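Here is what each chain is made of, one letter per residue.
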Amino acid sequence: KVFSLHFLPELIHRPGGLSLDIEYLRPFGHHGPNFPHRIPANAIDGTIVFDRLRRIHEELGARGDHWALAARTYLADLLLEIARHYGRSGDISHERNDRMLDVQRLSKVFKLINENCSEPVSTRQLSSLAHMSPGYFSRFFKEVTGITPTNYVMRARVDRATRFLLNTAMSITEIAYASGFGSASYFDRVFKEVKGTTPHDFRRQTGA
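For every chain, the first residue of the written sequence is number 1, and numbering continues from 1 along that sequence. Only residues with pLDDT of at least 70 get local features here, since the model is predicted, and only at 80 or more are side-chain atom pairs given and counted; chain-wide, interface and lining totals rely on the full set of residues. Think of the side-chain values as coming from all heavy atoms in the structure, minus any hydrogens and water.

**Digging into the side chain of Asp51**
A helix here means a DSSP run of H or I that spans at least four residues, while a strand means a run of E at least two residues long, and both kinds are numbered starting from the N terminus. In this fold, Asp51 is placed in helix H1 (residues 46-62). Side chain to side chain, Asp51 and Arg55 meet in a polar contact 2.8 Å long. N or O atoms within 3.5 Å of each other form a polar contact, as long as, within protein, one can give a hydrogen and the other can take it, and as long as residues adjacent in sequence are counted only when both atoms are side-chain atoms.

Shown next as C-alpha coordinates:
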(Lines give C-alpha, C1' and ligand atoms only; values in the text may rest on other atoms or scores of the structure.)
Protein backbone atom coordinates (compact mmCIF):
# COMPACT_ATOMS: atom_id res chain seq x y z
CA LYS A 1 0.00 0.00 0.00
CA VAL A 2 1.13 3.53 -0.75
CA PHE A 3 -0.12 6.64 1.01
CA SER A 4 0.57 9.86 -0.85
CA LEU A 5 0.37 13.22 0.93
CA HIS A 6 0.58 16.39 -1.16
CA PHE A 7 0.87 19.88 0.31
CA LEU A 8 1.99 23.34 -0.74
CA PRO A 9 5.22 24.46 1.00
CA GLU A 10 3.67 27.79 1.97
CA LEU A 11 1.22 25.92 4.20
CA ILE A 12 4.21 25.42 6.51
CA HIS A 13 6.48 28.33 5.61
CA ARG A 14 5.87 31.31 3.36
CA PRO A 15 9.02 33.22 2.35
CA GLY A 16 9.32 36.19 4.65
CA GLY A 17 7.66 34.32 7.51
CA LEU A 18 9.24 32.84 10.63
CA SER A 19 12.71 31.51 9.78
CA LEU A 20 12.24 28.62 12.21
CA ASP A 21 9.41 27.15 10.11
CA ILE A 22 11.73 26.65 7.15
CA GLU A 23 13.48 23.90 9.12
CA TYR A 24 10.42 21.70 8.50
CA LEU A 25 11.09 21.92 4.75
CA ARG A 26 14.89 21.76 4.73
CA PRO A 27 15.08 18.08 3.62
CA PHE A 28 12.98 18.90 0.53
CA GLY A 29 15.47 21.54 -0.59
CA HIS A 30 18.36 19.13 -1.12
CA HIS A 31 18.73 17.82 -4.66
CA GLY A 32 22.31 16.55 -4.73
CA PRO A 33 22.98 13.17 -6.38
CA ASN A 34 24.17 11.65 -3.10
CA PHE A 35 21.33 12.87 -0.92
CA PRO A 36 19.10 9.95 0.24
CA HIS A 37 15.53 10.97 -0.57
CA ARG A 38 14.14 7.63 0.62
CA ILE A 39 13.94 6.89 4.33
CA PRO A 40 14.08 3.24 5.53
CA ALA A 41 10.81 2.09 7.09
CA ASN A 42 12.50 1.26 10.38
CA ALA A 43 14.22 4.67 10.64
CA ILE A 44 11.06 6.50 11.77
CA ASP A 45 8.40 5.46 14.25
CA GLY A 46 5.66 4.06 12.00
CA THR A 47 3.07 4.51 14.73
CA ILE A 48 3.51 8.28 14.62
CA VAL A 49 3.47 8.37 10.83
CA PHE A 50 0.23 6.43 10.39
CA ASP A 51 -1.44 8.17 13.30
CA ARG A 52 -0.73 11.62 11.85
CA LEU A 53 -1.79 10.56 8.36
CA ARG A 54 -5.04 9.21 9.78
CA ARG A 55 -5.69 12.39 11.74
CA ILE A 56 -5.02 14.59 8.71
CA HIS A 57 -7.41 12.47 6.64
CA GLU A 58 -10.10 12.75 9.32
CA GLU A 59 -9.71 16.52 9.69
CA LEU A 60 -9.92 17.12 5.95
CA GLY A 61 -13.01 14.94 5.75
CA ALA A 62 -14.88 16.29 8.78
CA ARG A 63 -13.89 19.97 8.41
CA GLY A 64 -14.92 20.68 11.99
CA ASP A 65 -13.73 23.48 14.23
CA HIS A 66 -10.14 24.55 13.44
CA TRP A 67 -9.74 21.70 10.93
CA ALA A 68 -7.15 23.58 8.85
CA LEU A 69 -5.05 24.39 11.92
CA ALA A 70 -5.28 20.78 13.10
CA ALA A 71 -4.25 19.38 9.71
CA ARG A 72 -1.27 21.74 9.58
CA THR A 73 -0.23 20.73 13.10
CA TYR A 74 -0.30 17.01 12.27
CA LEU A 75 1.62 17.68 9.05
CA ALA A 76 4.23 19.58 11.06
CA ASP A 77 4.55 16.52 13.34
CA LEU A 78 5.37 14.36 10.30
CA LEU A 79 7.89 16.86 8.97
CA LEU A 80 9.52 17.09 12.40
CA GLU A 81 10.12 13.31 12.37
CA ILE A 82 11.68 13.58 8.91
CA ALA A 83 13.89 16.51 9.97
CA ARG A 84 15.02 14.62 13.07
CA HIS A 85 15.90 11.57 10.98
CA TYR A 86 18.16 13.57 8.68
CA GLY A 87 19.59 15.43 11.66
CA ARG A 88 20.61 12.14 13.27
CA SER A 89 22.04 10.77 10.04
CA GLY A 90 24.07 13.92 9.41
CA ASP A 91 22.80 14.25 5.84
CA ILE A 92 21.74 17.87 6.36
CA SER A 93 24.13 20.57 7.46
CA HIS A 94 22.74 22.87 10.12
CA GLU A 95 24.87 25.72 8.89
CA ARG A 96 23.06 28.60 7.20
CA ASN A 97 22.85 27.64 3.55
CA ASP A 98 22.67 29.75 0.43
CA ARG A 99 18.87 29.56 0.31
CA MET A 100 18.55 31.20 3.73
CA LEU A 101 20.81 34.02 2.57
CA ASP A 102 18.72 34.43 -0.56
CA VAL A 103 15.54 34.66 1.52
CA GLN A 104 17.17 37.34 3.65
CA ARG A 105 18.04 39.34 0.52
CA LEU A 106 14.32 39.50 -0.22
CA SER A 107 13.18 40.25 3.32
CA LYS A 108 12.25 43.87 2.56
CA VAL A 109 10.33 42.73 -0.51
CA PHE A 110 8.31 40.18 1.47
CA LYS A 111 7.59 42.79 4.14
CA LEU A 112 6.33 45.33 1.61
CA ILE A 113 4.09 42.80 -0.15
CA ASN A 114 2.66 41.32 3.03
CA GLU A 115 1.88 44.73 4.51
CA ASN A 116 0.70 46.52 1.35
CA CYS A 117 -0.65 43.77 -0.93
CA SER A 118 -4.00 45.55 -1.28
CA GLU A 119 -2.22 48.46 -3.03
CA PRO A 120 -0.77 48.41 -6.56
CA VAL A 121 2.69 46.80 -6.47
CA SER A 122 4.98 46.79 -9.51
CA THR A 123 7.95 44.58 -10.29
CA ARG A 124 10.07 47.70 -10.82
CA GLN A 125 9.18 48.93 -7.33
CA LEU A 126 10.07 45.57 -5.77
CA SER A 127 13.30 45.17 -7.75
CA SER A 128 14.42 48.63 -6.64
CA LEU A 129 13.81 47.64 -3.04
CA ALA A 130 16.00 44.55 -3.54
CA HIS A 131 18.67 46.60 -5.40
CA MET A 132 18.34 44.48 -8.54
CA SER A 133 17.37 45.09 -12.14
CA PRO A 134 13.73 44.12 -12.90
CA GLY A 135 14.76 41.20 -15.11
CA TYR A 136 17.28 39.75 -12.68
CA PHE A 137 14.92 40.32 -9.76
CA SER A 138 12.11 38.36 -11.43
CA ARG A 139 14.41 35.40 -12.10
CA PHE A 140 15.96 35.53 -8.64
CA PHE A 141 12.57 35.80 -6.91
CA LYS A 142 11.22 32.74 -8.74
CA GLU A 143 14.36 30.71 -7.95
CA VAL A 144 13.94 31.48 -4.24
CA THR A 145 10.17 31.16 -3.87
CA GLY A 146 9.18 28.90 -6.77
CA ILE A 147 6.66 31.46 -8.08
CA THR A 148 6.80 34.81 -9.86
CA PRO A 149 6.54 38.12 -7.98
CA THR A 150 3.09 38.66 -9.54
CA ASN A 151 1.84 35.28 -8.30
CA TYR A 152 3.25 35.95 -4.85
CA VAL A 153 1.34 39.23 -4.66
CA MET A 154 -1.83 37.45 -5.78
CA ARG A 155 -1.41 34.81 -3.08
CA ALA A 156 -0.81 37.49 -0.46
CA ARG A 157 -4.06 39.14 -1.53
CA VAL A 158 -5.88 35.82 -1.31
CA ASP A 159 -4.50 35.35 2.21
CA ARG A 160 -5.79 38.80 3.15
CA ALA A 161 -9.18 38.01 1.62
CA THR A 162 -9.30 34.72 3.50
CA ARG A 163 -8.91 36.55 6.81
CA PHE A 164 -11.76 38.87 5.84
CA LEU A 165 -13.95 35.88 4.92
CA LEU A 166 -13.26 34.19 8.24
CA ASN A 167 -13.42 37.18 10.55
CA THR A 168 -15.81 39.76 9.08
CA ALA A 169 -19.33 40.04 7.71
CA MET A 170 -18.13 41.98 4.64
CA SER A 171 -19.69 41.04 1.32
CA ILE A 172 -17.66 39.18 -1.32
CA THR A 173 -17.48 42.35 -3.44
CA GLU A 174 -16.29 44.45 -0.50
CA ILE A 175 -13.61 41.87 0.31
CA ALA A 176 -12.47 41.79 -3.31
CA TYR A 177 -11.76 45.53 -3.39
CA ALA A 178 -10.35 45.62 0.15
CA SER A 179 -7.86 42.88 -0.80
CA GLY A 180 -6.59 44.63 -3.92
CA PHE A 181 -8.61 42.93 -6.65
CA GLY A 182 -10.06 45.08 -9.41
CA SER A 183 -13.37 43.25 -9.59
CA ALA A 184 -15.39 40.59 -7.80
CA SER A 185 -15.24 38.28 -10.83
CA TYR A 186 -11.43 38.48 -10.99
CA PHE A 187 -11.23 37.87 -7.24
CA ASP A 188 -13.50 34.85 -7.60
CA ARG A 189 -11.29 33.35 -10.33
CA VAL A 190 -7.97 33.91 -8.55
CA PHE A 191 -9.30 32.69 -5.20
CA LYS A 192 -10.52 29.46 -6.80
CA GLU A 193 -7.15 28.92 -8.52
CA VAL A 194 -5.33 29.22 -5.18
CA LYS A 195 -7.83 27.65 -2.76
CA GLY A 196 -9.64 25.22 -5.05
CA THR A 197 -13.02 26.72 -4.18
CA THR A 198 -14.87 30.01 -4.63
CA PRO A 199 -14.95 32.67 -1.88
CA HIS A 200 -18.68 32.02 -1.39
CA ASP A 201 -18.23 28.26 -1.01
CA PHE A 202 -15.21 28.76 1.25
CA ARG A 203 -17.23 30.94 3.59
CA ARG A 204 -20.09 28.44 3.57
CA GLN A 205 -17.81 25.43 4.21
CA THR A 206 -16.00 27.10 7.10
CA GLY A 207 -19.19 28.43 8.66
CA ALA A 208 -17.78 31.97 8.73
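**Observations regarding unusual backbone geometry**
With a phi close to 50°, Arg63 is a non-glycine residue in the positive phi region. Residue position: Arg63 is located in the loop between H1 and helix H2 (67-89). Relative accessible area decides the class of each residue, using a 1.4 Å probe on protein chains only: under 20% of the type maximum gives buried, over 50% gives exposed, and in between gives partly exposed. Relative accessible area serves as the criterion here: at 37%, Arg63 is assigned to the partly exposed category. Positive phi values are uncommon outside glycine, yet His66 reaches one of about 55°. By the secondary structure assignment, His66 is in the loop between H1 and H2.

**Examining the nonpolar core**
Core analysis: the biggest nonpolar cluster contains 30 residues, and Leu106, Val109, Ile113, Phe137, Phe141, Phe181 and Phe187 have the highest contact counts within it. When residues of this core are traced back to their parent elements, those giving at least two are helix H4 (107-116), helix H6 (134-145), helix H7 (149-167), helix H8 (172-178) and helix H9 (184-195). Ranked by residues supplied to this core, first place goes to H7 with 8 residues. Ignoring any residue separated from it by four or fewer positions in sequence, one finds Leu106 in contact with Ala130, Phe137, Phe140, Phe141 and Val144. Throughout, nonpolar core names a set of buried Ala, Val, Leu, Ile, Met, Phe, Trp, Tyr and Cys residues whose side chains join them through atoms within 4.5 Å. Two residues form a contact once any of their heavy atoms are found within 4.5 Å.

**A closer look at the pattern of salt bridges**
Whenever Lys or Arg places a side-chain nitrogen within 4 Å of a carboxyl oxygen from Asp or Glu, that contact is recorded as a salt bridge. Across all of its chains, the model carries 9 salt bridges by this definition. Residue Asp51 is joined to Arg55 by a salt bridge in which the shortest nitrogen-to-oxygen separation is 2.8 Å. Of this pair, Asp51 and Arg55 both sit in helix H1, 4 residues apart, which is roughly one turn of that helix. Among the residues examined, Asp51 registers a relative accessible area of 17% and is labelled buried. According to the relative accessible area criterion, Arg55 is partly exposed, its value standing at 31%. Between Arg52 and Asp77 there is a salt bridge, with its nearest N and O atoms 2.8 Å apart. One end of the pair, Arg52, is in helix H1; the other, Asp77, is in helix H2, with 25 residues separating them in the sequence. Several salt bridges share partner residues, and in doing so they unite Asp51, Arg52, Arg54, Arg55, Glu58 and Asp77 into one network.

**Re the packing of aromatic side chains**
The pairing test for Phe, Tyr and Trp rings, Trp by its six-membered ring, is centres within 6.5 Å, and the orientation test on the planes gives stacked under 30 degrees, edge-to-face over 60, and tilted for anything in between. For the structure shown, the criterion picks out 10 aromatic pairs. Ring centres of Phe187 and Phe191 lie 5.7 Å apart, and the angle between their planes is 70°; on these two criteria the pair is classed as edge-to-face. With a gap of 4 residues between them, Phe187 and Phe191 both fall in helix H9, about one helical turn apart. The exposure classification of Phe187 matches that of Phe191, with both residues buried. An aromatic cluster is present here, built from Phe181, Tyr186, Phe187, Phe191 and Phe202 joined pairwise through their rings. Above the ring of Phe140, the side-chain terminus of Arg105 is found at 4.8 Å from the ring centroid. Placement of a positive charge over a ring is assigned whenever Lys NZ or Arg CZ falls within 6 Å of the ring centre and within 35 degrees of the normal to the ring plane.

**A few points about the packing of H4 against H7**
Throughout, an axis means a line fitted to C-alpha atoms (over the contacting stretch in the case of helices), and angles, computed between N-to-C directions, take values from 0 to 180 degrees. Contact pair H4 / H7: the axes reach a minimum separation of 9 Å and the direction vectors enclose 40°. It follows that H4 is oblique to H7 by the angle criterion. The way H4 lies across H7 gives a crossing that is right-handed. Where H4 abuts H7, its residues Phe110, Ile113 and Asn114 lie against Tyr152, Val153 and Ala156. Roughly parallel here means an angle under 35 degrees, roughly antiparallel means over 145, roughly perpendicular means 65 to 115, and every remaining angle is called oblique. What makes a crossing left-handed is the near helix being turned counterclockwise from the far one by less than a right angle; a clockwise turn instead makes it right-handed.

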